[in-house]
There are 2 protein chains.
Amino acid sequence: MRTVEWIDGRVRMIDQRKLPLALVVVEFDDYRDVALAIQNMTIRGAPAIGAAAAFGLALAAQHSRATSREGLLADLEVAAQTIRATRPTAVNLSWAVKRMMRTAQAETGEIVPALIAEAQRIADEDVEINRRMGAHGAALIQDGFNILTHCNTGSLATVDYGTALAVVRVAHEQGKRLHVWVDETRPRLQGARLTAWELMQAGIPMTLIADNVAGHLLRTGRVDIVLVGSDRTAANGDVANKIGTYKLAVLARENGVPFYPVVPTSTIDLSLPSGDDIPIEERDAREVTHVDGCQIAPDGVRVLNLAFDVTPHRYVTGIVTENGIAYPPFSVSLRRMVRG
Amino acid sequence: MRTVEWIDGRVRMIDQRKLPLALVVVEFDDYRDVALAIQNMTIRGAPAIGAAAAFGLALAAQHSRATSREGLLADLEVAAQTIRATRPTAVNLSWAVKRMMRTAQAETGEIVPALIAEAQRIADEDVEINRRMGAHGAALIQDGFNILTHCNTGSLATVDYGTALAVVRVAHEQGKRLHVWVDETRPRLQGARLTAWELMQAGIPMTLIADNVAGHLLRTGRVDIVLVGSDRTAANGDVANKIGTYKLAVLARENGVPFYPVVPTSTIDLSLPSGDDIPIEERDAREVTHVDGCQIAPDGVRVLNLAFDVTPHRYVTGIVTENGIAYPPFSVSLRRMVRG
């Protein structure tokens, strides 16, 4: 099944908080539950939450009690605000919401089926885009490569197939022998919980490491390329991604290892001149002080739990998109990629 | 109480695996239990395990059934081998064992009381040395500093007072306002469990972060100095310390932030020309796949769990010892520090 899909008028998704110990599927028919699922990370990953947001708006339209076109659009505006407010860093959320609202406003006939169809298109396009990113990026992977990755950029981060992990999948399908170092990715452990699980399911050789180990592997020549995702990329090529990405980029450059974000053009925000303006989400202290039920820090400890960081473009070797690979100067090349 | 001490013919230590939720004290009268406690990290921290090893040998002598001097020395040799084999990276273990064995061999009278006295001296000297390191290092700390630290280098890593945290303690006692960013330090979480607890006990302002956050704080100007410990320092200034230290050194230099290991001269190994020759301990996968009882990775996942990394000396601003601060070229300055 896909990470998130529309089934019989309901939104169905994998509860990613339960993996890898259990594969639990949840269904929603209220957009507010979809918003909560995005906020509490039942579903996460920039492309996946974009699609979830779109399906959430389709739900809002379907269940609106408005009797006029204006009333329905007003209800949708309320839903859009709720959904947009769940997570501030990834741009897909506002991108998908904007696209859905434009569809509603432009529709002269029945708005509800038009929104359901548009959300479905967003989901289907995501899968198609991921396959194209995988094909472009796989050209970077040589036989025998050791690939280092961070967080989860696989099927679970998208509707299906993945972003950075799509590159790994395509290279693996091409018969290249490869091995993936998987950062566990504290505090939410998306690497340990999700990426390790996906790669094991796919039969792709991998080794799980604590985030602290990556630098040592880069220094000792055991990594050939670093592949990550991006939640928002600025016009100059600065990349906002899961906290800890910046350090990988610096350590990769320090050790002569190429560093490539793999990003759908829907996550490139040309309206932002640089990454300095990307808001960084701060999440609950409990994600750091507790792992599942286990308390690992003193009662009442002060915590700073930042979910993302920004990697300045000077550390970025190239940016893989569905339209090809952008190289510096990114202020020129990214614009070309977005135009397709 | 001290982290490890000799009480009425027994070795008493804090069980560091139970902190911060409980302060549990354990006592041993068999050296093999002391060796196991070092191996399973009931006690950890290079200076602390040096003292524990010394007390362990005192126990071995006290309980030896040998009836001759030669028999006792042979029993001690067996105990020394067991204790030395527990952890390969820190040099204090072999340093303390060597010092105890020399004392035994040189003693012409009663060996048992001589060894107990020597172990006690090692423990007392550690506290004295830590206070001196603290005093030297505190000169680096200005009022208002934000200090970033990794793992635990506090009282619990030593017999008392700490290494890098001794610098923080002395600066705090001097009335300087300061704040400490505490890396949680996966996989064993010594930062979250031990350093956070110690700083809170001491009333020193601190904030706990996932290891992935440190780079972002360094990049955004929120760190003034990085202070770490070292389990073994080579003659050229290469530093072996808790996994993740290397990345901090690179990120500090990249952002113009000074990086200082704080190390007793007993951890400086002048017999090693460089850090390339320091053995890196690999520990059990379960430290990564489980946090206390909670499983966080798929069944059967492959893991690489390295306990230490090596930071090349070119990233090291200076090395604080009990005899002063060594600056490059370390091949000259460290030799001077060791001679005192």
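Structure's up top.
Here we summarise the structure given alongside this text. Numbering of residues starts from 1 in every chain and runs along the sequence as written. Labels are handed out in written order, letters beginning with A for the chains and numbers beginning with 1 for the ligands. With pLDDT at 70 or above as the cut-off, local features in this predicted model cover only qualifying residues; side-chain atom pairs require 80 or more to be listed or tallied, and sums for whole chains, interfaces and linings still use all residues. To obtain the side-chain values, all non-hydrogen atoms of the structure were included, while hydrogens and water were left out.

### Considerations on the overall build of chain A
Counting from the N terminus, the helices are DSSP H or I runs at least four residues long and the strands are E runs at least two residues long. When its secondary structure is counted, chain A shows 11 helices and 16 strands. For a compact globule of 340 residues, the expected C-alpha radius of gyration is about 20 Å, and chain A comes in at 20 Å, within 12% of that figure. In this scheme, a residue with accessible area under 20% of its type's maximum is buried, one over 50% is exposed, and one in between is partly exposed, where area comes from a 1.4 Å probe on protein chains only. Here chain A holds 340 residues, and 65% of them are scored as buried. For chain A, the share of sequence-separated contacts (at least 6 apart) that also reach a separation of at least 24 residues comes to 75%. Carbon and sulfur atoms form 48% of the exposed surface of chain A, whose accessible area is close to 11800 Å². Just so you know, the count uses Lys and Arg for positive and Asp and Glu for negative, and it drops His and the chain ends. For this purpose, a charge sits on NZ of Lys, CZ of Arg, CG of Asp or CD of Glu. Each charge class in chain A can be summarised by its mean position, and for the 36 positive and 39 negative side chains these summaries are 3 Å apart. To get the radius of gyration, use the C-alpha atoms; to get the globule rule, take the number of residues to the power 0.38 and multiply by 2.2 Å. In what follows, residue pairs with any heavy atoms lying within 4.5 Å of each other are defined as contacts. Per-residue and other accessible areas were derived by the Shrake-Rupley procedure at a 1.4 Å probe size, with only the shown protein chains allowed to occlude residues.

### Details of the interface of chain B and chain A
Across the boundary between the two partners, chain B contributes 57 residues, which contact 57 residues of chain A. Accessible area that two parts lose when put together, with a 1.4 Å probe and added across both, is what the buried area reports. Across the interface of chain B and chain A, roughly 4700 Å² is buried in total on both sides, 64% from carbon and sulfur atoms. A pair is scored as a salt bridge if a Lys or Arg side-chain nitrogen falls within 4 Å of a carboxyl oxygen belonging to Asp or Glu. Across the chain B-chain A interface, the total number found is 4 salt bridges. Any N or O atom pair separated by 3.5 Å or less is treated as a polar contact, with the protein-specific requirement of one donor-capable and one acceptor-capable atom, and with residues adjacent in sequence counted only for side-chain atom pairs. Applying the counting criterion to the chain B and chain A interface returns 24 residue pairs in polar contact (both at pLDDT 80 or more). For the side of chain B that touches chain A, the secondary-structure elements that each account for two or more residues are β5 (178–183), α7 (190–202), β6 (206–209), α8 (214–219), α9 (245–254), β13 (294–295) and β14 (308–311) of chain B. Per-element accounting of the side of chain B that touches chain A gives the leading share, 6 residues, to α9 of chain B. Looking at the side of chain B that touches chain A residue by residue, the class counts come to 32 nonpolar, 12 polar and 13 charged. Amino acids outside the nonpolar list (Ala, Val, Leu, Ile, Met, Phe, Trp, Tyr, Cys, Pro) and the charged list (Asp, Glu, Lys, Arg) are all regarded as polar, and Gly is one of them.

### Quick notes on the packing of aromatic side chains
Pairing of aromatic rings covers Phe, Tyr and the six-membered ring of Trp, with a centre-to-centre limit of 6.5 Å; geometry is then stacked below 30 degrees between planes, edge-to-face above 60, and tilted otherwise. One pass over the full model with this rule turns up 6 aromatic pairs over all chains. A centroid spacing of 6.0 Å and a plane angle of 80° characterise the contact between Tyr246 of chain B and Tyr315 of chain B, whose relative ring orientation is edge-to-face. Of this pair, Tyr246 of chain B sits in helix α9 while Tyr315 of chain B sits in the loop between β14 and β15 (319–321), and the two are 69 residues apart along the sequence. Using a relative accessible area of 2% as the deciding quantity, one classes Tyr315 of chain B as buried. Seen from their ring centres, Tyr260 of chain B and Tyr327 of chain B are 6.2 Å apart, and the 85° between their planes marks the pair as edge-to-face. Note that Tyr260 of chain B is positioned in strand β10 (residues 259–261) and Tyr327 of chain B in the loop between β16 (324–326) and α11 (330–339), a separation of 67 residues in sequence. A residue is classified by how much of its surface remains accessible, and Tyr327 of chain B, at 36% relative accessible area, is partly exposed. Placement of a charge over a ring requires the Lys NZ or Arg CZ to be within 6 Å of the ring centre, with the centre-to-atom vector within 35 degrees of the ring normal. Above the plane of the ring of Tyr246 of chain B lies Arg219 of chain A, whose end atom (NZ or CZ) is 5.7 Å from the centre. The ring of Phe308 of chain A has Lys242 of chain A lying over it, and the distance from NZ or CZ to the ring centre is 4.4 Å.

### Looking at the sheet that holds strand β8 (residues 232–234) of chain B
All names here are of chain B. Read from one edge of the open sheet, 4 strands run β11-β8-β9-β14, paired in mixed fashion. Sheet topology places β11 (268–269) and β14 at the edges, where each strand pairs with a single neighbour. Here β8 runs beside strand β9 (residues 239–242); their pairing, made up of 2 bridges, is antiparallel. When the bridges of β9 are listed, Thr233 appears paired with Val239. Across the sheet, α9 is in contact with β9 and β14; its angle to β14 comes to roughly 30°. Here a strand pair is declared whenever DSSP counts at least two bridges between the two strands. The convention used is that axes are lines fitted to C-alpha atoms, helices contributing only their stretch in contact, and that angles between N-to-C directions extend from 0 to 180 degrees.

### Some details on the relation of the copies chain B and chain A
Copy-to-copy superposition: least squares on the C-alpha atoms, limited to residues that have pLDDT of at least 70 in both copies. Each copy superposes on the other: chain B lies on chain A with an RMSD of 0.0 Å after a rotation of 180° and an axial shift of 0.0 Å. What the superposition gives is, in effect, a two-fold axis relating one chain to the other.

### Some remarks on the pairing of strand β7 (residues 225–228) of chain A
Residue and element names in this part refer to chain A. Burial of the side chains of β7 extends over both faces: Ile225 and Leu227 are buried on one face and Val226 and Val228 on the other. Summarising the sheet, strand β4 (residues 145–149) and β7 pair through 3 bridges and their orientation is parallel. Along β7, the bridge assignment pairs Ile147 with Ile225. Pairing of β7 with strand β10 (residues 259–261), which is carried by 3 bridges, proceeds in the parallel orientation. Residue pairing across strands places Leu227 opposite Tyr260, the latter belonging to β10.

### Structural notes on unusual backbone geometry
The peptide bond linking Leu19 of chain B to Pro20 of chain B adopts the cis configuration, its omega dihedral lying at 0°. Within the fold, Pro20 of chain B resides in the loop between β2 (10–14) and β3 (25–28). The omega torsion across Arg186 of chain B and Pro187 of chain B is 5°, close enough to zero to call that bond cis. In this structure, Pro187 of chain B sits in the loop between β5 and α7. The phi torsion at Tyr161 of chain A lies on the positive side, around 85°, for a residue other than glycine. With respect to the helices and strands, the residue Tyr161 of chain A is situated in the loop between β4 and α6 (164–173). Given the relative accessible area of 7%, Tyr161 of chain A is considered buried. Its identity is not glycine, yet Cys151 of chain B carries a phi of approximately 60°, on the positive side.

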